Amino acid sequence: LADIRSEVAEKAVLETANTTEAIGILRSILETKQRSLGPDHIASGEALYTIGLLKLFTVGKDNAITDIEEALKIYTKALGPEHPSTQDVSNV
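About the cut-offs
Residues numbered from 1 in each chain as written. Predicted model: local features only at pLDDT ≥ 70, side-chain atom pairs only at ≥ 80, totals over all residues. Heavy atoms only, no water. Salt bridge = Lys/Arg side-chain N within 4 Å of Asp/Glu carboxyl O. Helix = DSSP H or I, 4+ residues; strand = E, 2+ residues; numbered from the N terminus. Buried < 20%, exposed > 50% of the residue type's maximum accessible area, 1.4 Å probe, protein only. Phe/Tyr/Trp six-rings, centres within 6.5 Å; stacked < 30°, edge-to-face > 60°. Axes fitted to C-alpha atoms, helices over the stretch in contact; angles between N-to-C directions. Parallel < 35°, antiparallel > 145°, perpendicular 65-115°, else oblique. Left-handed = near helix turned anticlockwise from the far one by under 90°. Contact = heavy atoms within 4.5 Å. Nonpolar A, V, L, I, M, F, W, Y, C, P; charged D, E, K, R; others polar. Core = buried A, V, L, I, M, F, W, Y, C linked by side-chain atoms within 4.5 Å.

Novice: Sorry, what's going on with the pattern of salt bridges here?
Specialist: Per the counting criterion, the structure on display carries four salt bridges. Taking the shortest distance from any N to any O, the salt bridge between Asp40 and Lys77 comes out at 3.2 Å. Here the residue Asp40 occupies a position in the loop between α1 (2–37) and α2 (42–58), and Lys77 occupies one in helix α3 (residues 61–79), the gap between them amounting to 37 residues. Since its relative accessible area comes to 62%, Lys77 is described here as exposed. Ionic pairing is found between Lys73 and Glu70, a salt bridge with its closest N-O pair at 3.9 Å. Here Lys73 pairs with Glu70, and both are found in helix α3, just three residues apart, close to one helical turn. What emerges from the salt-bridge pattern is a single network uniting Arg27, Lys55 and Asp67.

Novice: Is there a simple way to explain the packing of aromatic side chains in this structure?
Specialist: When we look at a pair of aromatic rings, we describe it by the centre distance and by the angle of the planes. Scanning the model with the defined rule gives one aromatic pair in all. Between the aromatic rings of Tyr49 and Tyr75, the centroid separation amounts to 6.1 Å while the plane-to-plane angle is 65 degrees, which identifies the pairing as edge-to-face. Note that Tyr49 is positioned in helix α2 and Tyr75 in helix α3, a separation of 26 residues in sequence. Accessibility expressed as a relative area gives 6% for Tyr75, which makes it buried.

Novice: Explanation requested: the packing of α2 against α3 in the structure shown.
Specialist: Each pair of packed helices can be summarised by the angle the axes make with each other and by the distance between the axes. The N-to-C vectors of α2 and α3 enclose an angle of 155 degrees; their axes lie 8 Å apart at closest approach. By the angle between their axes, α2 is roughly antiparallel relative to α3. α3 is crossed by α2, and the crossing has left-handed handedness. Listed contacts from α3 to Ile42, Ser44, Gly45, Glu46, Leu48, Tyr49, Ile51, Gly52, Leu53, Lys55 and Leu56 of α2 are Lys61, Asn63, Ala64, Asp67, Ile68, Glu70, Ala71, Ile74, Tyr75, Ala78 and Leu79. The residue inventory of the contact of α2 with α3, partitioned by class, reads 13 nonpolar, four polar and five charged.

Novice: Just checking my understanding: could you explain the nonpolar core for this structure?
Specialist: The nonpolar side chains of soluble globular proteins are, as a tendency, buried together. Residues Leu30, Ala47, Leu48, Tyr49, Ile51, Ala64, Ile68, Ala71, Ile74, Tyr75 and Val89 constitute the largest nonpolar core, which totals 11 residues. Elements represented by at least two residues in this core include exactly α2 and α3. Ranked by residue count, the leading element in this core is α3, at five residues. In contact with Leu30, not counting residues within four places along its chain, are Ser44, Ala47, Leu48 and Ile51.

On their own, these measurements won't tell you what the molecule is for.
See below:
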């Protein structure tokens, strides 16, 4: 039983580390897009949306909301509020 608990705990630590690493990589991609294309470019919004989704499905809604809301602002400005992609972000 102790071995199983140890394996479960180890798996949780690895999942957290992988999530943290993935978010860091995505943040780096976001920063590159913001520098080269601008913070209001749809590609920057897509990166924010991806970060938000990753957080939503791994660490919870409270941690994801800021990124998703910022992505929605960019999508709305770039594509308009009725665009299907904007609606997808809005419905998360």
